[in-house]
Structure formats: structure tokens, C-alpha cells
Amino acid sequence: MLRKLLSYKTPQNLILLIDIMALCLLYFYKESFDEFILISGIFLTFIIYISNFILLRTSSGDHYIFLIMTMLISIGIIMIYRINPFYGFRQITWFGVGITTFFLFYAVIKKIKKWEDWTKTYMILSFILFLSTLVFGVKIKGATNWIKVGNIGFQPAELIKIIFIFFLASYYSKKEKIMNTYGLIGIVYTYIGFLFIQRDLGTAMIFYFIFMTIFYIFENNRKLIYYNIIGAFFIALVSYFVVNHVQIRVVTWLDPWKYIDNKGYQITQSLFAIASGGFFGTGIGLGYPEFIPEVHNDFIFSAICEEMGIFGGIGVIMLFLILVYRGFKIALYQQNLFFKIVAIGMTTLLGLQAFIIIGGVIKMIPLTGVTLPFVSYGGSSLISSFAALGILQVASEEMDPSQEEDNG
Amino acid sequence: MDKTDKRIIRVLIIFSMLFISLVVYLSYFEVFQASKIVTNHYNKRQWVNEEHVLRGIIADRNGKTLAYSEKTQDGQVRYYPFGNLYSHIIGYSLKEYGKSGLEASYNKELLNIDQNPIAEITQKITGPKEKGNNLILTIDHDLQKDAQKHLNGKKGAIILMNPKDGEIYAMVSNPDFDPSTIKDHWAEITENQNSPLINRATMGLYAPGSVFKIITATAALENDISKNFECRGSINIDGYVLRDYKENVHGKIDLKEAMRVSCNVAFARMGLELGEEILQKTCEKYMFNKKIPFDLKTKNSIFPKQMLTKPELGATAIGQGKILVTPLNMVMSASAIANDGKMMKPYLVKEILSSDGRTIKNFRPQILGSVTDEWTSEKIKDMMINVVDRGTGKKSKIRNIKVAGKTGTAENESQKEHAWFVGFAPADDPKVCVVIVLENIGLTGGSSAAPIARDLMIAALNKLK
């Protein structure tokens, strides 16, 4: 037992090794002894060890997705700590909260049966959350998608994402639909409309693509798929001409250098960071990622590229690729239709969000402000990513496929 | 495998392609775009070291401080005590708009940034150095001031150079700007039609006019066609008439006499006889169409590369038509004649000193190449002495000192000609070589540029004694 715990071959030990090395580097970078780093380091390794241990004991499903998450969040914590030690320490706390969320969702989702029966509930709950955002919403960074309860702000859209996937999964796993496909499409586009009003374009894109993925796989009326693509194209075109916000994103994507001192500032600073890093990076603590506004949040990937190099960045991309691969593999092996769809939804959610923000900060696609799952600094989106992973963990376990028949 | 699973796999393939496209794009960006981007002025990384390191001093050959920096509460300020005087040599160093001149080309030295990677790593560990290195220039502050004074109110450039080792004593270009206040006048200066930011001495491309005859003469002597030429005041080449100044008829003259009176007809005949290939080869020995290695940005002098028609060839031989030179190239050419045919590499920075006065690098004279043999250069020198003694360059004559020179009056697109003078003194042991270009002054080189050259050569010979 002990030997197994200490073997360098176990993946969590490798992650631990990386964390220790990075924290040592941070220690030298800071020059004076910083007990914060020591406490943080102990705290971090403790969480990693305990959570991996508990997971191995409790879940019979996939063990890799959790390890990938641990690696991603380690890279994130190292980077955030280097940018701002205070945020770094807070991120470890967020990690603790996230792990708790993970296990909470894992336990609750596993314990309660009949998730597939509540299609209407999911729908109504989403509407209530959207409407409350509209009414009580606070404008932060150009998007009105926050609700403040006392001192704590949270983004309802992050919670709606998960409810949305449950909604789609329950809709397609039932033989007797509560409405026809047109009704479903109507509801989805209403959601996207809400997000447009909130100016949360990134999340709107994610909603659309999650819907399209599930729709593509499970819809029997194949023609509707093409209509949806044409419709989305049309909406995109109209919003480009009507919504100024969208236009800015597109022009700063096509040529950010023209607007370098105003609207193109963020993206060009991000490109400078990536360009200065080269293939191997400047080394942790030796670059200047703090020049990028919002670097600990949406632009964390640029900071990774600057200090850990393009190879570091490619590493992160590959981790997401493996995560997506494991996610779809879970979906393929899952016999329960509801959880099959949920697995696809959660995987698409995490993978797509990673693609959109990485593609955005490297200027491959227009920039939309979403966070990089598990790597960006804290908040609602980090918690919802943990929740998504917890649900994916449930979906990775073997389940009774005959539930559907029992109900029917 | 059922339909659903097939579709799931298809979605997985799309996702894989998306992520791989990220990897490909990122690598493409790093390989092809990154190096261009990092030098952008908005990339603050370039300026980080400068915040910590006190930028080095730039001083002239006698130790006179020409640029220095002082620490302030929030960083440092760069001072240029002589304002416009060194605008094109030292240039400016601005966070907002970047750098020019020596501030740009010797940035690393002025900031004491090590170029070798190992030293760079140790520096990163030990922390950046506090003071940058100092530059000692080949410039003589008094001569530089004199040169500027003579160019005052005129457009053009003046260079004074040591023909034997390539040291630049003075280099001015007008219009100029004040590097200490350029930030506040940036838009005005960059949009000015006279382009004060351009260093005309190294980057101005002018029709050389008759000063080019030095090069045509080199080709003529080397190819032994220096027999007599017939001049009737003009020459008709395939219907295109080339005229002499005021259509003076020179009659039957030899090369030396043609040079003295700057006879266009004789030189055009020479050009036609030599042919394009020989003329081009000679020009290329004089660094035409080649990059001149220098401490500042330069442009290449142009000998047209396409096939020339006969009238074009005739015009080229007298420095008109499509041929263009930089003043720097011209002073190097005259210096090569003064230096037995050996062209020296021009340089502005003599020495790099550390902040505590240790010599870090000493720049030595370098031969760029040989433009012609000793015999030919001696012959051309004789002709140039003759030009000053009894020809178009009389106004550059100095009592008791033999001066060699050549004047030029170059026609161009505008109505007003450029006035040229190149020359050196003392002719038997050249100490200083000078080039003067007065852009669109509308006067002959002999009347406008030659007297300036005379004053500057006297000043230089007195100063450098």
C-alpha cells in the first residue's frame, strides 16, 4: 500500500513532482522566504493526494479525467501564483471548493434516480434563472451576467449550462416527447436570445454548439440540422451588422494591430506574450504576462505560453484533447441513454470552452470572453466545470440500461 | 456499431481536428509571425530592462557629452544637450515611438544587455545591471557644429571623413529635428513633407551629376580609352541631345582637361565607348547596388539594372539619368581615390566603454575593398587637383595646401539642380575628405558647395593637426 503510494509511476505522484518543482522555482523567483508558498504547497499536495485516494476508492468509472483535471489545475495554480501570490493562494482554496463540488455532484447525481423525468423542471428553472439575471443582473466587463447576493457574485449562466444539458438529455432519452422538435428549437433559441441580451457571446456560442452536437447525434429529422446551421449563420451575419459588440470582436480579430491602442489592446498584448515565449518559454517568473489585462482569467493561456513556451501551451491543448477523448469514450460505453447524452454534453461543454478561449487568445478565431476550464482563476465557471466533471464521473460508471423500459 | 455511436465518433474526430488546428496555428504563429511582432513598440517587454538600467552616455572623440540619462523618481529621462545637432546620428529613444540612429543600433550596448545566452541567464539570476555602457564616437563636436552652420537654412547633407581609416568626423542632414522634444511634435514631424526624420547623408538618393565623372574616369583609365575627345558643346545620341553647361565648346580635349572643365560631351562619349557592362562593374566596385556596412541605416546607391538605351548610357556616364547615389557612398568613393584606391569602411562609434571606464570594445579601421589600382587613383587625384587649381572647383582652393575635388550640378525632376562637391585635402597626404550636397538649391556645385567645402576642410585641418 505504502509502496504504491510512493511509487513515481503512479500518475498523481508525477503531478506532485511537477508541482514541487514549480513551487521551488517560484520560491527562488521570490528570493525571500515566503511561508505562503510552503503552506500553499502543502495544502495543494494534500488536496491532490486525498481526492485521488477517495476517488480510487469510491468510483468504479474512469480515473483519468480526474487526473487530467488535477494536472490542468496545477498548471493554473502555478501560473496564477506567479502572477499574483494572493490570487494563487485563493485559487488553491477555490480548488478545495471545486473538489467538494465535484464529490457533491458525484454523490447526489449517483444517489438520486430518475433525472431523466424532469424535463419541464429543467426548462422552468432555466427560465427563472435567466429572468432573474435580467432583473437583478450586474454589469461586469461589458456583460450583464452576474447576480450579486451580498458580497458574493455568481453567474447564473454557469449553472444553466448544466441544467441545459440535463434538459436536452432528458428530452432525447424519453420516448414520449413533451413537445415536438420545433418546440425544442424554439426554447434553445430563446436561451441564446437571453444570452445575447446579456452580451455573453461566448456562452451563447457554447449553448449553440452543445445543442448542435446533441441534436446532430440524436435527432431523427436530419433536415432540421441543416436548417439550424443556416439559421445560425444568418443570426451571426445579422448580429455582425446590428450588434456593435460583435463587430468589434470581428474587426479586432481580422486586424488587431490597427486598433492596438484601444479595442485591439488586449489581444495584441496577448500575442506579444505568446511571441516572446518562443518554443520553450522564458521560464516561470522570467516573463511579463502581467502586461496582459485579465491575464489570470481569460488570458491565462497566453501567460502559460510566455513562461512555459509553446510546448507548454501545446501540452495544455493535448490535456484537453485527452479529456475530450475520454469523455466521448465514456459516452460510447454508457448504456443508459440519459447519461450517454449527459456525458456528450459535459464533454462538449469543457472541450468547446477550451477551444473557444485558446483559439481566441491566439487569434485563430474571434475572441469571446470565456474562461479556460480548470486553469483560469476561480469563480462560478470553475465551480461549474468541477460540477460538470463530477457528473461525467457518474456517467463513466456502469449503470442499469433498462431504466427507460421500466418507466415505460 | 449503431448509428448514434458512429455519430459520436464523428464528433470526436471533429474535436480532435479542432485541437490539432490550435497546435498547428500556434506553431505557425511562433515560427512565422512571432519575430516580427515582438519588436512592435507596444510590446512593453522591450522597455522593461531600460527602466532598471541607466542608459549609457554618448560622447564625441574628445569626450564631450552628447547624450546622457538621469534617474528620476519614476524612471529616467534622456537628455540631448545639443538638440538638433545630432538628430540624425544619435537619433531619439522614446517609449511610445521607438528608437532611431545610434540609440537604435547600439541599444543593447547602451543598456549593457549581454548577447550571449549564458551571460543572459546569469544576468537574469543576479538581476539586471544598473548602468549601461558609454559610446565614444569618431565625431568631432566642433566640426559637427561647423558643418551644421553651413547647412543652415538649406536642404541637404554634409559628411567629413578620414579617408585613410574611415572615421566620420561630422555628418549632418537638414532638415532635422530635436530629439528631446520630438515626442510632443511627433505628428507634425512625421507628416512634414520635407521628411526631417530621414538621414539624407546615408539614405538620401540623389542624382550625382558631374561628381560621378570620378567613377567614369576610373573606368576610362582602367580600360585605356583616355585619348582625345571632340566636343562641340553638345552631342546627339540617337536623337537625344546631351548639352554641356551653357553649351560651351571645348574642342579636342583629353581626359584630364575634360575633368577640369567637367565636359559632358567627352564623358558621354567615354560612357558609350565603355559600354554598360564595364561601367556597371566599376560602379559596383564603388559599392553601387551594394549594402554599405555602417552604424546607421543606409540605402544602396543605384546603378540601373535593366538594359540601358544609348542615350541613357550617355546620361549615366555624366551622372544623370537613372543613376542615384547617397552622399555617404560618394564620400567613400572620393576617400578611396585619396587612399590609393582602397575603400575604407566608414564608422561612427570608436569605442564602447563600461560605466567605470573600462574599454569593452575598440573599433578598428577596416578595408571594404579596392576600387581601383594605385596608378589609376593617382591619375584621378591629379585630375581632381587640377579641377580645384584651374577648373570648376576653384572656390575650394586653400592657400598653401593642395586640394583635390570635383564639383557637380545635378539635374533632377524639379526645376532646381542639386549642387555637389566631393574632395579631400591635403592632396599629397589626405587627412580629411568631404562631401556636400545641397538639395534643389538651383546653383552650380562650384559656386555654392565648393566654398563650404573649403571652410570645412580648413576647420578640419586646423582641428586635427
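For the structure itself, look to the data block above.
From a predicted model like this one, the values you see are computed outputs, not experimental measurements. (Residues numbered from 1 in each chain as written. Chains lettered and ligands numbered in written order. Predicted model: local features only at pLDDT ≥ 70, side-chain atom pairs only at ≥ 80, totals over all residues.)

Caption draft 1: Examining the overall build of chain A more closely. When its secondary structure is counted, chain A shows 16 helices and three strands. The burial tally for chain A puts 50% of its 408 residues in the buried class. Within chain A, residue pairs in contact and separated by at least 24 positions form 70% of the contacts whose partners lie at least 6 positions apart. (Helix = DSSP H or I, 4+ residues; strand = E, 2+ residues; numbered from the N terminus. Buried ≥ 20, exposed ≤ 12 C-beta atoms within 10 Å, placed from the backbone. Contact = placed C-beta atoms within 7 Å.)

Caption draft 2: Layout of the overall build of chain B. A count of helices and strands for chain B gives 16 helices and 19 strands. The 465 residues of chain B split such that 48% are buried. Long-range contacts, defined here as pairs at least 24 residues apart, represent 67% of the contacts in chain B between residues at least 6 apart.

Caption draft 3: Structural view of the interface of chain A and chain B. Listed by partner, the interface residues are 34 residues for chain A and 27 residues for chain B. Broken down by secondary-structure element, the contributors of at least two residues to the side of chain A that touches chain B are α9 (201–218), α12 (265–277), α13 (300–333) and α14 (337–361) of chain A. Here the side of chain A that touches chain B is built from residues that sort into 27 nonpolar, seven polar and no charged. (Nonpolar A, V, L, I, M, F, W, Y, C, P; charged D, E, K, R; others polar.)

Caption draft 4: Layout of the environment of Leu143 of chain B. Residues and elements named next belong to chain B. Note that Leu143 resides in helix α6 (residues 141–151). On the neighbour-count criterion, Leu143 (25 C-beta atoms within 10 Å) is buried. Once the C-alpha coordinates of Leu143 and Ala459 are considered, the two residues, 316 residues apart in sequence, prove to be 7.1 Å apart. Apart from residues no more than four positions distant in its own chain, Leu143 is found in contact with Leu160, Tyr169, Ala170, Ala459, Ala460 and Lys463.

Caption draft 5: Broad picture of the sheet that holds strand β15 (residues 359–362) of chain B. Residue and element names in this part refer to chain B. As summarised here, the arrangement of the six strands in space is β3-β2-β1-β6-β14-β15, forming an open sheet in which the pairing is mixed. Unpaired on one side and paired on the other, β3 (75–79) and β15 mark the two borders of the sheet. In terms of strand pairing, strand β2 (residues 65–72) meets β3 through five bridges, oriented antiparallel. If you follow Tyr68 over to β3, its bridge partner there is Tyr79. (Pairing = 2+ DSSP bridges.)

Caption draft 6: Up close: helix α3 (residues 35–58) of chain A. Spanning 24 residues, α3 of chain A covers 34 Å between terminal C-alpha atoms, matching the ideal 34 Å at 1.5 Å per step. Taken as a whole, α3 of chain A has its buried residues at Ser40, Gly41, Leu44, Ile48, Ser51, Asn52 and Leu55 of chain A. (Expected span 1.5 Å × (residues − 1).)

Caption draft 7: A look at the sheet that holds strand β19 (residues 432–438) of chain B. Residues and elements named next belong to chain B. Reading across from one edge, β8-β7-β19-β18-β17 is the order of the five strands in this open sheet, with antiparallel pairing throughout. Two strands close off the open sheet at either side, each with one partner strand: β8 (168–174) and β17 (404–410). Recorded for the sheet is a direction-independent mean angle of 5° between the axes of neighbouring strands. With seven bridges joining them, β17 and strand β18 (residues 418–425) adopt antiparallel strand pairing. In the sheet register, Thr409 faces β18, and the bridge partner there is Ala419. Contacts between α6 and the sheet are confined to β7 (156–161) and β8, with β8 contributing the most and set at about 30° to the helix. (Axes fitted to C-alpha atoms, helices over the stretch in contact; angles between N-to-C directions.)

Caption draft 8: Just the packing of helix α7 (residues 156–173) of chain A against α14 of chain A, in detail. Residue and element names in this part refer to chain A. For the pair α7 and α14, the least separation of the axes is 8 Å and the interaxial angle reads 145°. Crossing geometry of α7 relative to α14 is assigned as right-handed. In contact with Lys161, Ile165, Phe166, Leu168, Ala169, Ser170, Tyr172 and Ser173 of α7, α14 contributes Leu337, Phe338, Ile341, Val342, Gly345, Met346 and Leu349. Taken together, the residues of the contact of α7 with α14 sort by class into eleven nonpolar, three polar and one charged. (Left-handed = near helix turned anticlockwise from the far one by under 90°.)

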